[in-house]
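Here is what each chain is made of, one letter per residue.
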Amino acid sequence: MGGFPRGRLVALVAAFLIGADAAGTTPDAAAHIDELLASGVHPRLRWERFTDFQEPLRALYLAQGSRPLWLDGGRPVKQASAALECLRMADDQGLNSSDYDADLLGGWIEKLNDDRAASAEEVAQFEVAMSLALMRYGSNLARGRVHPRAAGFALDVASKRLDLPALVQHLARDPRPCEAIAGLESKLPLYRNLKAALPRYRGLAENNDVSALALPPKLRPGDRHGEVPALRKRLAALGFLSQESSSKEPEVYAGDLVEAVARFQERHGLAPDGVIGKGTLAALNVPPAARLRQIRLGLERLRWLPERFEGPFILVNIPSFRLYGYGQDPERPEVSMNVVVGRSSGGHNTPVFHSDMTYVVFRPYWNLPRAITVKEMLPGILRDPGYLARHNLELVPSFGNGSQVYEPSLESLEMLSAGSLKLRQRPGPKNALGLVKFAFPNNDNIYLHGTPSVNLFQRARRDFSHGCIRVQDPVGLAEFVLKRQGETWTQERIEEAMNGAQSRTVTLKQPLPVYIYYSTVLAEPDGTVRFFEDIYGLDRVLEQLLEKGFPYPS
């Protein structure tokens, strides 16, 4: 994110220097401000260390000549109270007002207004605390509190630059500082939709029963159980059932209650069969406060994405096992489909990162990674000489086009075992990558591709791969990717390339951003909120980082 224009910043600084002289600040106050900035420690604040914002604070007060912005003659200016109200808005944006010492600053303003005069030390402490809180708030709102790489996301927020000294100076003069602060929020519809869910879930967290439902291991439509009335009450409170809903047989699980459970299942990444088993019961027993935390974590992660996308992009959300391709309308995807992602066990997690798709391969070879060759293929090959032919596998010294193919023999298998030969699967309907591969260069060699194992897309939970991402509708995705290439790539032409005699690589004229993403909650424009299982445990990782408080990992 860019800073304020340089000319405007110079004018702001000059105006403040003139105003600061009029304030009559004592040299002692300036000395105390300098002392605080040099130490990086504020003795009065909840998060007393501020080394994360020490340099921008120094720059701010260097431009000010160590004169205050928020005090005049030892008393808070009106703008200090206006800025304080912005800090108190933090909870409405998925942050915590306590992180920015809003209550402490509010009490401080009252105290300084009641006293005839404040000591130079008091003036300095309040002044630095106010500017620090606004810097933290503005930065956290625009870029997030935790750096994505500290939370296991290979995303880059460096481009979201924010001129913090200029921001604070602007807030000290803006008659509507809260609007200026709100302007730092993400412009993505994904963010706006999720933020809109906050008030409702805050209300649910404050006012709803959190006792666990004690249902049997399986509750099927038509079954009778004493907890069914409590189930009806729970679903009504969560908005899946009318508050007026009732039944002549309150302990029978049937009718509109089964339909409500199916809706609940569909919005929580579960098979919507109306049968309450272990997974559905666990989701029903998640307290609203935990769902609220999921929403806050979801907003934090959305701050790591670009503020807006200027063109088409692809987003794959791992916990929901879905791919979305956005074109002209950032509100609604042009394509949406199920995907299969990396297994949550065995070190096969699909990584979270951004890259640009640069080419598409029709009828690709599958170049087997060394680990898969050794652990999964080699034992079967050594036991059965026909294994290679049956699975369309061949031995090659390299994965390049035109590479020599070695005939299976004791010598060539020894070379494969030693690593001097590699294993690849020939193109065709049985190829593990299906008939098309979508490539976006990255360190983990992850890509999107088709698959012959189409039955897996019907599962509610779809983490079955070695890390790459299998797409349910490769033809539809190819249409979305290639429609902007200046050539006519119809469905018929795509299917012809997929079923042709030779492999074919199509280089994209315009790289297409791909974000492999991770959020256990998403919201839609109509207000529908969907929650998903934290299959890789990354929610807890981010929670633990946030619980540590300032300074967050940078």
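Residues numbered from 1 in each chain as written. Predicted model: local features only at pLDDT ≥ 70, side-chain atom pairs only at ≥ 80, totals over all residues. Heavy atoms only, no water.

### Some points on the overall build of the chain
Assigned secondary structure in the chain consists of 20 helices and 17 strands. If you line up the chain on its principal axes, its C-alpha atoms span 95 × 70 × 45 Å. Expressed as a percentage of the 554 residues in the chain, the buried residues total 51%. Across the chain, the centroid of the 66 positively charged side chains sits 4 Å from that of the 64 negatively charged ones. (Helix = DSSP H or I, 4+ residues; strand = E, 2+ residues; numbered from the N terminus. Buried < 20%, exposed > 50% of the residue type's maximum accessible area, 1.4 Å probe, protein only. Lys, Arg positive; Asp, Glu negative; His and termini not counted. Charge placed at Lys NZ, Arg CZ, Asp CG, Glu CD.)

### Concerning the packing of aromatic side chains
Centre-to-centre distance and the angle between the planes together describe a pair of aromatic rings. Using the criterion set out here, one finds 15 aromatic pairs in the structure. Centroid distance Trp108 to Phe126: 5.8 Å. Interplanar angle 75°. Geometry classified as edge-to-face. Of this pair, Trp108 sits in helix α5 (residues 102–114) while Phe126 sits in helix α6 (residues 120–143); the two residues are 18 residues apart in sequence, bridging distant segments of the chain. Between the aromatic rings of Phe153 and Trp304, the centroid separation amounts to 5.1 Å while the plane-to-plane angle is 80°, which identifies the pairing as edge-to-face. Taken together, the residues Phe153 in strand β3 (residues 153–154) and Trp304 in the loop between α14 (288–302) and β4 (313–317) connect sequence positions 151 residues apart. The buried category is assigned to Trp304, whose relative accessible area is 1%. When the ring centre of Trp108 is taken as reference, the NZ or CZ atom of Arg44 above it lies at 4.4 Å. When the ring centre of Tyr447 is taken as origin, the NZ or CZ atom of Lys437, which lies over that ring, is 4.4 Å away. (Phe/Tyr/Trp six-rings, centres within 6.5 Å; stacked < 30°, edge-to-face > 60°. Lys NZ or Arg CZ within 6 Å of the ring centre and 35° of its normal.)

### What to know about the side chain of Asn338
Position of Asn338 relative to the elements: it lies in strand β6 (residues 335–342). Of the polar contacts made by the side chain of Asn338, one reaches the side chain of Arg462; its length is 3.1 Å. With residues near it in sequence (within four places) discarded, Asn338 still touches Phe321, Arg322, Phe457, Arg462, Arg470, Val471 and Gln472. (Polar contact = N/O pair within 3.5 Å; in protein donor to acceptor, adjacent residues only side chain to side chain. Contact = heavy atoms within 4.5 Å.)

### Considerations on the sheet that holds strand β10 (residues 422–425)
An order of β8-β10-β9 is seen for the 3 strands of this open sheet, with the pairing classed as antiparallel. Only two strands of the sheet have a single partner each, and these edge strands are β8 (366–367) and β9 (393–396). Looking at chain direction, β9 and β10 are connected through 4 bridges and run antiparallel. Each bridged residue has a counterpart across the sheet, and for Glu394 the counterpart in β10 is Arg424. Of the strands in this sheet, β8, β9 and β10 touch helix α15 (residues 370–383), which is tilted by about 80° from β10. (Pairing = 2+ DSSP bridges. Axes fitted to C-alpha atoms, helices over the stretch in contact; angles between N-to-C directions.)

### Regarding the state of the cysteines
Scanning the model with the defined rule gives 1 disulfide in all. Here Cys86 engages in a disulfide with Cys178; their sulfurs sit 2.5 Å apart. Handedness of the Cys86-Cys178 disulfide follows from its S-S torsion of about -105°: it is left-handed. With Cys86 in helix α4 (residues 78–88) and Cys178 in helix α8 (residues 177–182), this pair connects stretches of sequence that are 92 residues apart. The exposure class assigned to Cys86 is buried, which follows from its relative accessible area of 1%. (Disulfide = S-S within 2.5 Å.)

### A short note on the confidence of the model for the chain
With 95% of its residues at a pLDDT of 70 or more, the chain shows a mean pLDDT of 90. In this model, residues 1–25 is a region of pLDDT below 50 whose contacts with residues beyond four sequence positions or in other chains number 38 contacts. (pLDDT = per-residue confidence, 0-100.)

### Examining the pairing of strand β11 (residues 436–439)
Across a regular strand the side chains alternate sides, sitting on one face of the sheet and then on the other. Of the two faces of β11, both are covered, the one formed by Val436 and Phe438 as well as the one formed by Lys437 and Ala439. The pairing of strand β7 (residues 352–362) with β11 spans 4 bridges and is antiparallel. Residue pairing across strands places Tyr359 opposite Ala439, the latter belonging to β11. Bridge count for β11 against strand β12 (residues 448–449) is 2 bridges, and the pairing is antiparallel. By the bridge assignment, Phe438 is partnered in β12 with Leu448.

### A closer look at the pattern of salt bridges
Between side chains of opposite charge, pairing is possible as soon as their charged atoms come close. Inspection of the entire model under this criterion finds 29 salt bridges. Note that Arg232 is salt-bridged to Asp256, the shortest N-O span being 3.4 Å. Of the two residues, Arg232 sits in helix α11 (residues 228–237) while Asp256 sits in helix α12 (residues 256–266), which places them 24 residues apart along the sequence. Given the relative accessible area of 9%, Arg232 is considered buried. What you see here is one network of salt bridges that share partners, running through Arg46, Asp99, Arg145, Glu300 and Arg303. (Salt bridge = Lys/Arg side-chain N within 4 Å of Asp/Glu carboxyl O.)

### Things to note about the pairing of strand β5 (residues 322–326)
Of all 5 residues in β5, 4 are buried, a share of seventy percent or more. Taken together, the 5 bridges between β4 and β5 define a ladder with antiparallel strand orientation. Across the sheet, Val316 pairs through a bridge with Leu323, a residue of β5. Hairpin connection of β4 to β5: 4 residues between the antiparallel strands, including Phe321 at a positive phi of 55°. Two strands pair when backbone bridges link them, and β5 and β6 are joined in this way by 4 bridges, in the antiparallel orientation. Following the sheet pairing, Tyr324 is matched in β6 by Ser336.

### So, the packing of α11 against α12
For any two helices packed against each other, the geometry is given by the interaxial angle and the distance between the axes. Contact pair α11 / α12: the axes reach a minimum separation of 11 Å and the direction vectors enclose 55°. Here α11 is positioned oblique relative to α12, judged by the angle of their axes. For the pair α11 and α12, the sense of crossing is left-handed. For the pair formed by α11 and α12, the contact residues are Val228, Leu231, Arg232 and Leu235 on the first element and Asp256, Leu257, Ala260, Val261 and Phe264 on the second. (Parallel < 35°, antiparallel > 145°, perpendicular 65-115°, else oblique. Left-handed = near helix turned anticlockwise from the far one by under 90°.)

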